[in-house]
Amino acid sequence: MADEISRRDFVKQTVAGTAMLAGASASALEAAAAPLDPNKSIVAALGSVFIPSGPGDPGYKELEVYGITDYVMQELSGADGLAALNTTAKQFFDGKAFLDLDDKQKEQYLSLVSEGSKIADEAQRKSLQACYRGARSRILKTYYMNYPQVAVKRNAAGDPILKPGDTHQVNWEYETPNAKKIKTGWDVAGYKGRLGWEEEEQLREKAKKTWNHWDDGYLVKLNDSRPPAAAAIKTTDGHDYYDVIVIGGGTAGCIVAGRLAERGINPKTGDRLKVAMIEGGDDWTIRDVGIHPGYGGPIRRSKITNIPDPVGPEGDVPGPAYRYDFVRSFGNSQIDRPGDIGRMTREPGDEEFRLIGGCSNHYGGTCWIPEDEDFHFYREASGVDWDLAKFGDAIQEIRDMFHPTTTPTAWLSKESQMWADAGRAMGFEMRFAESALRNGLGIDQGEYLSRVDSKGTSLPWAYIGMNNGLKVIPNAVVQTVLIEKVPGGRPVARGAVYRDKAGTMHEVRAARVIVALGVKQTPLLMYRSGYGPRDLVGDKLLVENKNVGQHLSGDCTLRGSAFLAEAVTSPGREGEMGGGGGLWCATTPRPWGELTVHIRGGGGGAGDPSGASLGTFAPGFGWEHKEYMRNMSGPRRITGWATHFGAVPWSFRVLPTGKIERVDLDAPRFEAKIKEAGDVIRAWSEKLEVKPVKTDFHVYSQPSTNMAPQHRSGTARAGSSPETSVCTSDYDCHDIDNLLFTSAASVPRTFFWSCGPTAVNAAYAWRRMIANHFSTGSSTKGFA
């Protein structure tokens, strides 16, 4: 029977638990009939106002039997204000509390609270509005995330439970195939949910006719005849020794470690290099037989669920389906600086994603390949001797492996075409952004980037390395690099100390140590190791370099949107196609300088209903909101602009706490450019074929001190001397022998984006490292 259930019907079965799936059991009905505590009663009443019910049109209250209010209250922001929200209604409704009001009065009261002008006491007004916003956000998000189908059934290890024999996708075991069908937020929104395998196959056949290139084979595959992973030898004092250790298995680490294992030699013996890559996260991304773009692999598919699920191995990663087994902290930084721009506080190391492949697994797929402007900013920032010609082979390698390509015009929605036509009417040249994408299916990013493994990542290089004896040491967090002070000579890097998953400490030695961590983790490791600015390292200082942790730069983005007079994207799957089409333009001609502005489409469309329910143009609550969400009729009327600012005149530094402190900012120039960009977007919106009814361009009025750097680089930047940088143009540390750097941290300055430039730098770095350290004629110093 289970095999005969369609994918849509299957998804409609709850995965939250047997009681939910089986319908209203006796105990569940008793629980539903039991008296509610005051706060629960208030939340239940709010839910019925936010998402009303009508004849043949069930809403929030019909899900009470499945425990929706209990679930909402688990993570309800502002819950302390519920009692006040209830009793304050007496001031406006003849002594009646919120729970005593009829449906119309409840709506009137919530409108009064939301608007706020009739609540004279400022502290009371702020408290009530915070409670209202918290309840609204949690209730709408829960309902439109398809409650009660919000929790994936998992085994004791936390892995999603697969349907027996299923290697294509996550189909969960369930125990009650006769479960009642229930109407959820996805039904209201007309959202089909994630793709099933059969639908994927249909889309593949369709996509093969659209793409000018389709390759059914593996991009890279493990060889049956591959040598075993490099085994450490023992030093005279009993420590493990490798020729080279690469600290970090992310975007740069995989590229460098893979190529060194494949092409490097021990210059002392001429033997194959013993290369170990030490990564703080897990290695399940490289356990499949290989990389099969557009199809994925059994292990990868067993880890990435078909339902956005904040619990379990994929974590609560922002976005429709960037869902991976990240052992991570969080994605937004606390920024500690003069003035105040921080609104989000996270733990140190926040932007680090611990998993083999790192952020290349996570990023949205935009593949910015460095061009003349990038190299101009690199040279200007730190005096590197880099240019486009020197990086030619490295750039081609990334193009071959990441496969950057542009969106087929067949994927463009009406919204994308209309958006682009208005841009052309402004006099802008419209371009297609390159995305790292091979064998894409043409649906939203969650489907063609994550789910079927179509996007370019650094994982193929890890496979190349394993085919050539690369030793991968996962779940190992490096604590320090071992730096030895040599009397009368330069300090030398001798190895590293790492902590394994069980908490055991290990000391490993190497002839060369390559740090390939991220922009924040690189300086934090160096501080712990005694290398950096005296004022940050303190008593642990062994070697001073004032540039470690400094010069952090990044681009940034402002997003505006317009609500149009009619829908401009189609319902269902067709509305998910294109994702804005990847179209963009520059507001100034080349060559581009500081504060260059690129504008990209930030289209509406179907997408994930839970996010759309809280969008800028979504009504507050009630039937108006429900009609806005019905078949996504409201979100399908939205178009948008993502305004990217590159080469921003600012600089930050990483503190030992992990916080980022702003050092420099040319606020007048930046704010003038923000205002200029806002004027462009307003004029653009007026040229749209379908005219805006409402717009949201408030972001273009904010001060530059509210902006934070994205796509960061520079904290261990390459350059001409230790006065300006941490490592040379060949990635050798200026101050410590046998220590090298490559990652976004070694890129001197961000122009736009980071994954493409980081990958290109790593592809250039391994070439320089082999020439200088791992080839015949290289120095044999330190090699066993």
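As a reminder, the structure under discussion sits directly above these lines.
Here goes a summary of the coordinates provided. (Residues numbered from 1 in each chain as written. Predicted model: local features only at pLDDT ≥ 70, side-chain atom pairs only at ≥ 80, totals over all residues. Heavy atoms only, no water.)

As for the overall build of the protein
To be explicit about the condition: What counts as a helix is a DSSP run of H or I of at least four residues, what counts as a strand is a run of E of at least two, and both are numbered from the N terminus. With a 1.4 Å probe rolled over the protein chains alone, any residue whose accessible area is under 20% of its type maximum counts as buried; one over 50% counts as exposed, and the rest are partly exposed. Whether two residues are in contact is decided by their heavy atoms, any of which lying within 4.5 Å being enough. All accessibility values rest on the Shrake-Rupley procedure with a 1.4 Å probe; residue burial counts only the protein chains present in the view.
Scanning the protein from terminus to terminus reveals 24 helices and 25 strands. Each of the 784 residues in the protein was classed as buried or not, and the buried ones make up 58%. Considering only contacts in the protein between residues 6 or more positions apart, those separated by 24 or more positions represent 75%. Surface summary for the protein: the accessible area is close to 30,000 Å², and the carbon and sulfur share equals 49%.

Considering the side chain of Thr405
Residue placement: Thr405 occurs in strand β8 (residues 404-405). Here Thr405 is in contact with Trp211, Ala433, Glu434, Ser435 and Leu437, once residues within four sequence places are set aside.

Regarding the environment of Phe377
In this structure, Phe377 sits in helix α13 (residues 372-382). Accessibility expressed as a relative area gives 2% for Phe377, which makes it buried. Considered as a pair, Phe377 and Ala647 are 270 residues apart in the sequence and their alpha carbons are 7.9 Å apart. With residues up to four places along the chain from it excluded, the contact list for Phe377 reads Trp592, Gly593, Glu594, Ala647, Arg749 and Phe751.

Some remarks on the packing of aromatic side chains
Just so we agree on the cut-off: Here a Phe, Tyr or Trp ring, Trp counted by its six-membered ring, pairs with any other such ring whose centre lies within 6.5 Å, and the pair is stacked when the planes are under 30 degrees apart, edge-to-face when over 60, and tilted otherwise.
In total, this model carries 33 aromatic pairs according to the counting rule given. For the ring pair Trp214 and Tyr295, a centre distance of 6.5 Å and an interplane angle of 80° mean the geometry is edge-to-face. One end of the pair, Trp214, is in the loop between α10 (197-208) and β1 (220-221); the other, Tyr295, is in the loop between β5 (290-291) and α12 (298-303), and 81 residues separate them in sequence. As far as the burial class goes, Trp214 and Tyr295 line up, both buried.

Some words on unusual backbone geometry
In this structure, the amide linkage connecting Tyr147 to the following residue, Pro148, adopts the cis form with an omega of 10°. Within the secondary structure layout, Pro148 lies in the loop between α8 (122-144) and α9 (185-189). Of note, the phi angle at Asp94 is positive, near 50°, even though the residue is not glycine. Topologically, Asp94 is positioned in the loop between α6 (82-88) and α7 (103-115). Residue His711 is not a glycine yet carries a positive backbone phi of 50°.

As for the packing of helix α4 (residues 38-50) against α7
Note the threshold: For helices, the fitted axis covers only the stretch in contact; all axes are lines through C-alpha atoms, and the angles between them, taken along N-to-C directions, range from 0 to 180 degrees. Any angle from 65 to 115 degrees is called roughly perpendicular, while one under 35 is roughly parallel, one over 145 is roughly antiparallel, and all others are oblique. Any residue that is not Ala, Val, Leu, Ile, Met, Phe, Trp, Tyr, Cys, Pro, Asp, Glu, Lys or Arg is counted as polar, Gly included; the first ten are nonpolar and the last four charged.
Contact geometry for α4 and α7: axes closest at 10 Å, N-to-C directions at 95°. Taken together, the axes of α4 and α7 lie roughly perpendicular to each other. Together, Ala45, Leu46, Val49 and Phe50 of α4 and Lys106, Glu107 and Leu110 of α7 make up the contact between the two elements. Of the residues in the contact of α4 with α7, the class split is 5 nonpolar, no polar and 2 charged.

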